[in-house]
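# Structural features, examined
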Amino acid sequence: MKKSMVLLLAGISMSALLTAGCANKEAVKKEEAVVPPVSVEKAVPVAPVEQAQPVEQTAPVQDAVASAVSPQEAMSPVAENRLETVYFDFDKSDLRQDTRDVLSKNAEVILKTLAGAKIQIEGHTDERGSAEYNLALGERRAKSAQQYLTTLGVKAENTSVISYGEEKPAVAGNDEGAWAKNRRAEFVVVK
Amino acid sequence: MNSRNLRIDTGMSVSFIASAVIHLAVFLLLAWYGRLMPLQTPIQETYYVDVVNLPTANPQSGDSAQKPAESEAPPPPPVLTPPAMALPPSVISPKAVSKPAMVPVPQKSEAPDTAFAERMAKLERSAEARREEAVFDKLRSKLKTGGSSKIGMPGAGGAEAGSRYGDYIKSRLEDALKVTSSYSTKNPEVVVRLTIAPDGRLSGVKIERSSGDATFELAVRRAIDLASAKFTAPPGRTVYENGFVFKPKSISSGTSR
Amino acid sequence: MKIFLVLLFLLASSASLYAQPGYIEVTAPGNRQLKMAVAPPHSVDVSPDSASSGIASAVIAFDMNLSGLVAAEIHPEQPAAKGFPLVAVDFVPWLSAGFDMLVRSEYSLKNGRLTIEFRLFDVINRKLITAKRYLGGAKDLRRISHSFADEILLALTGEKGPFTTRIAYVSTQTGNKEIYVMDWDGYNPLPLTKNGSINLNPAFSPDGREIIFTSYKRRNPDLYRRSLSNTAEVAVSRRKGLNITGKWSPDGSKIAVALSKDGDTEIYTLDKDGSHPTRLTINPALDLYPSWSPDGKQLAFVSDRLGKPQVFVMNADGSGVRRLTISGSYNVNPSWSPKGDRIAYSRMTGGDFSIFTITPDGSSDTQLTFDGSNENPSWSADGRFISFSSRRSSGGGVYVMRADGTGQTKVSQGKGKHSQPVWSAR
């Protein structure tokens, strides 16, 4: 009984989607609601085929969100390249001298060429230590970088932080060389 | 549902706007339906239609057929108590068939078929059973590492009868524990209060304390089970009750596995 | 003074379990592993499906072996059963083969409907210990067999096994960290999330029907709640910053979680819909990874308020904070046992983690793993087992062991790295 209902409904939805594009509009609208406003323009080109599915399950909606995120990441390097990544010592979030120097340069770039831009500071750790503790540690690193930028005149409301902990290493490998490159804060222009 | 289907078809031919409205309705309906009964369920709640708790042999009633008066004679072959229940049809002689066991049972319906159980018991008392018992006893005594089974048999009575009977029970329990002993912690200890009815039947088993070694607890319970088959009646036909502290003899035997 | 000590010593040594007079001591030598024979189920069908027969006995033997209570062995009927007398068991050959216990069963599989009946016998006592009949679908066979293994432990020890429970974990099978759920023995792994983002720290609701987890699917580590039986998924906490290491309270009414909305990472409790945050920890250090005591009155958690991460315990209202782990310089992942008697955690030494357990008063700190790097301990519902994730030369993944560290067995299957296992309640 339930099965036949499901089939019937699936059939109706298929015919509804095939006969006219109206249902698509609904799906698109629904999606835009969950996509962060930043990436709306880029999110539109997502293949309409995928949009036909959200009625059936929630996963494709999430997929669409995830794929909507990537164009945003793709567009950032242009600006991002001018903002250098800074590095940290093991289990530390305080700023080394070289880290401060790089942050000063970054602050200059931001104040000169990126006034009003929204910058997200991503905190990362190496793979050692517990994944959960590293999330907190990564956030601490991003926040010390954020605070330093603020003291150099970058408006606090233009920066935000996110921690990825050990989830997004810059380089693979499990030696000090790799770890040192992964204990970092990156700067991503999000708008 | 069917009428809606029809409306979709006609709506298409009538006007685009009507179509849009209907599709919106269908979409909302689907969204609503999907919320109530999602089409994709990654994990099904597993269920059993029915679970029947089958009757098991009562550990204490097992040897009621044994005559309590026997004391000095070698133990008679203990009667194997058949679990009171229906049998698969393939096994039993036609007259013994009560109910086919594998017919899907709607719920707990089969009461213990006692008549059948008695028949089974009779079958078990056959010569075949006696032969098995002889083999069984031989094997069982092989497992024992030593010690005469005659130690501490109760005397005829008198003032010391209680303690003598206690020694006798202790001896039976130790013989049984030799067979079942198993433990997984260093110094396990289980304290059990046993009650033995005037006819020699074990009428009460209460674990008073345990060091928490599940393996040794099991060994003790099995030893009591095993020994109680051979308990004789307490002297003076009174109820005997005492506490017993079970411990492995650990000096010589290794504890780790 | 010396005399007093001697007296005290004598008192202590004599304060055995049977201090009362009249108790009779029963001792016997010998300690052997109990042996259990698991006979493959016998089919009563005309054309039996031998595959299912193998599954049932394999499941029961695996469960019983990991229990450590008996050594189970799949052993064909001896002599080969003729007509299979399920009740009239000939115990002699089993006894001479050295078995203590025997599991027999017979089943019928018709049109996908499975009927299976299990019986557990004590070979030495020649008794039926327990018996159950199950009706279900053919696909339920593993679960049914686990269920009878639960019953065997109940009959032998007085407490049910955890063999029908599940383990949620994080798998990189698809290339991304997604939440999966599997049977406790690693079978039937199923993806719970498929959002292509990073998903972390699953935790079961006490009724086992829902999971909370942290996901980056909306570009921030937010806490979500997800049903196991359908795709319903709602955000519990999308507060600014971290929303991580969520744990359901034992009564299911609250969720303890680490949030960084007020600056640094602190522990809060939320109503289960995510509302009414109550801050429990107030200090400039990182506080995270809460774990409820089974009575819901206390929480173990990780804090680096003394410099390095250590495990602390506090009352559920945030009062009475005390340090639990005093040895080791990096202790994380506390997990309170369902019996309340021990707290498992992982300690990092030289870059690798080991699982330890400790009593809630800080005594009897015991290392359980010595091979590779082992993290995220989580107890089975009966407290008999601990699951954890391991990286070791013999193969990484989700492992299961007894609470004393013995019987370490890899259970997770399939591609990718498997981590952060968490065991469901019953």
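Everything that follows concerns the structure shown earlier in this document.
Bear in mind that the values here come from a model prediction, so they are computed numbers and not experimental data.

How each quantity is defined
- The residue numbering used here restarts from 1 in each chain and proceeds along that chain's sequence as written.
- Lettering for chains starts from A, numbering for ligands starts from 1, and both go in the order in which the items are written.
- Confidence filtering applies because this is a predicted model: local features only for residues at pLDDT of at least 70, side-chain atom pairs given and counted only at 80 or more, and all residues used for totals across whole chains, interfaces and linings.
- Each side-chain value is worked out from all heavy atoms of the structure, with water and hydrogens disregarded.
- Here a strand pair is declared whenever DSSP counts at least two bridges between the two strands.
- In this text, helices come from DSSP runs of H or I with a minimum length of four residues, and strands from runs of E with a minimum of two, each type numbered from the N-terminal end.
- Axis lines are fitted to C-alpha atoms, over the contacting stretch for helices. Their N-to-C directions set the angle, which ranges from 0 to 180 degrees.
- Working rule for angles: under 35 degrees goes down as roughly parallel, over 145 as roughly antiparallel, 65 to 115 as roughly perpendicular, anything else as oblique.
- Left-handed describes a crossing whose near helix is turned anticlockwise from the far helix through less than a right angle; right-handed describes the clockwise counterpart.
- It only takes one pair of heavy atoms within 4.5 Å for two residues to be counted as in contact.
- For this classification, Asp, Glu, Lys and Arg are treated as charged, while Ala, Val, Leu, Ile, Met, Phe, Trp, Tyr, Cys and Pro are nonpolar and the rest, including Gly, are polar.
- For Phe, Tyr and Trp, where Trp contributes only its six-membered ring, two rings pair if their centres lie within 6.5 Å, and the inter-plane angle classes them as stacked under 30 degrees, edge-to-face over 60, or tilted in between.
- Remark: exposure states derive from per-residue accessible area (1.4 Å probe, protein chains only) relative to the maximum for the residue type, with buried under 20%, exposed over 50%, and partly exposed in between.
- A ring has a charge above it when a Lys NZ or an Arg CZ is no more than 6 Å from the ring centre and no more than 35 degrees off the ring normal.
- By convention in these notes, a salt bridge is any Lys or Arg side-chain nitrogen within 4 Å of a carboxyl oxygen on Asp or Glu.
- Given the number of residues in a helix, its expected span is that number minus one, multiplied by 1.5 Å.
- Buried area is understood as the total, over both parts, of accessible area removed when two parts are fitted together, assessed with a 1.4 Å probe.
- Polar contact is defined as a pair of N or O atoms within 3.5 Å, subject to the rule that within protein one atom must be able to donate a hydrogen and the other to accept it, and that residues adjacent in sequence are counted only when both atoms are side-chain atoms.

Bridge count for strand β13 (residues 222–227) of chain C against strand β14 (residues 233–237) of chain C is four bridges, and the pairing is antiparallel. Opposite R225(C), over in β14(C), you have V234(C) as the bridge partner.

In this section: the packing of helix α7 (residues 97–113) of chain A against helix α8 (residues 131–151) of chain A. Two quantities define a packed helix pair, namely the angle between the helix axes and the distance between the axes. All names here are of chain A. Two elements in contact, α7 and α8, have axes separated by 9 Å at closest approach and are oriented at 55 degrees. Taken together, the axis directions place α7 and α8 in an arrangement best described as oblique. Remark: the crossing between α7 and α8 carries right-handed chirality. For the pair formed by α7 and α8, the contact residues are R100, L103, S104, A107 and I110 on the first element and A145, Y148 and L149 on the second. By residue class, the composition of the contact of α7 with α8 is six nonpolar, one polar and one charged.

Residues and elements named next belong to chain C. In spatial order, the strands read β10-β9-β8-β31; together these four strands make up an open sheet with antiparallel pairing. Here the strands that pair on one side only, and so sit at the sheet edges, are β10 (190–191) and β31 (418–423). Examined bridge by bridge, strand β9 (residues 178–183) and β10 share two bridges and lie antiparallel to one another. Its bridge partner lying in β10, V181 is registered against L190.

Residue and element names in this part refer to chain C. Applying the stated rule across the entire model yields 21 aromatic pairs over all chains. Judged by centre distance (6.0 Å) and plane angle (65 degrees), the rings of W94 and F99 are edge-to-face. Neither residue differs from the other here; W94 and F99 are each classed as buried. Through a chain of ring-to-ring contacts, three or more aromatic side chains come together here, namely F62, F163, W184, F385 and W423. Sitting over the face of the ring of Y187, R142 holds its NZ or CZ atom 3.4 Å from the ring centroid. Note that R347 overlies the ring of F356, its terminal NZ or CZ placed 4.1 Å from the centroid.

On to the packing of helix α6 (residues 214–228) of chain B against helix α4 (residues 141–157) of chain C. Closest axis-to-axis distance for the α6(B)/α4(C) pair is 9 Å, and the angle between their directions is 65 degrees. Viewed along their axes, α6(B) and α4(C) adopt a mutual orientation that is roughly perpendicular. Here A214(B), L218(B) and R221(B) of α6(B) lie close against α4(C), whose contacting residues are A155(C), L156(C) and T157(C). Split by residue class, the contact of α6(B) with α4(C) holds four nonpolar, one polar and one charged.

Scanning the model with the defined rule gives 45 salt bridges over all chains in all. Residues E84(A) and K105(A) are paired through a salt bridge, measuring 3.5 Å at the closest nitrogen-oxygen approach. Here the residue E84(A) occupies a position in the loop between α6 (77–80) and β1 (86–87), and K105(A) occupies one in helix α7, the gap between them amounting to 21 residues. Given a relative accessible area of 37%, E84(A) falls into the partly exposed group. Judged by its relative accessible area of 45%, K105(A) is partly exposed. Linking E233(C) and K217(C) is a salt bridge whose minimum nitrogen-to-oxygen distance equals 2.5 Å. One end of the pair, E233(C), is in strand β14; the other, K217(C), is in the loop between β12 (210–215) and β13, and 16 residues separate them in sequence.

Next up on the list: α4(C). At 3.6 residues per turn, the α-helix brings residues three or four places apart onto the same side. Its 17 residues place the ends of α4(C) 24 Å apart at the C-alpha level, agreeing with the 24 Å of an ideal helix rising 1.5 Å per residue. Counted residue by residue, α4(C) has 14 buried out of 17 residues, so it is predominantly covered.

Listed per partner, the contact involves 37 residues of chain C and 29 residues of chain A. Summing the contributions of chain C and of chain A, the shared interface buries around 2,700 Å²; its carbon and sulfur component is 54%. Inspection of the chain C/chain A interface yields three salt bridges. Here D304(C) and R140(A) are joined by a salt bridge, their closest N and O atoms 3.0 Å apart. The tally of links from chain C across to chain A stands at 15 residue pairs in polar contact (both at pLDDT 80 or more). Those elements that provide at least two residues to the side of chain C that touches chain A are β11 (199–204), β15 (243–248), β19 (287–292), β23 (331–336) and β27 (373–379) of chain C. Among the residues forming the side of chain C that touches chain A, the class breakdown is 16 nonpolar, 13 polar and eight charged.

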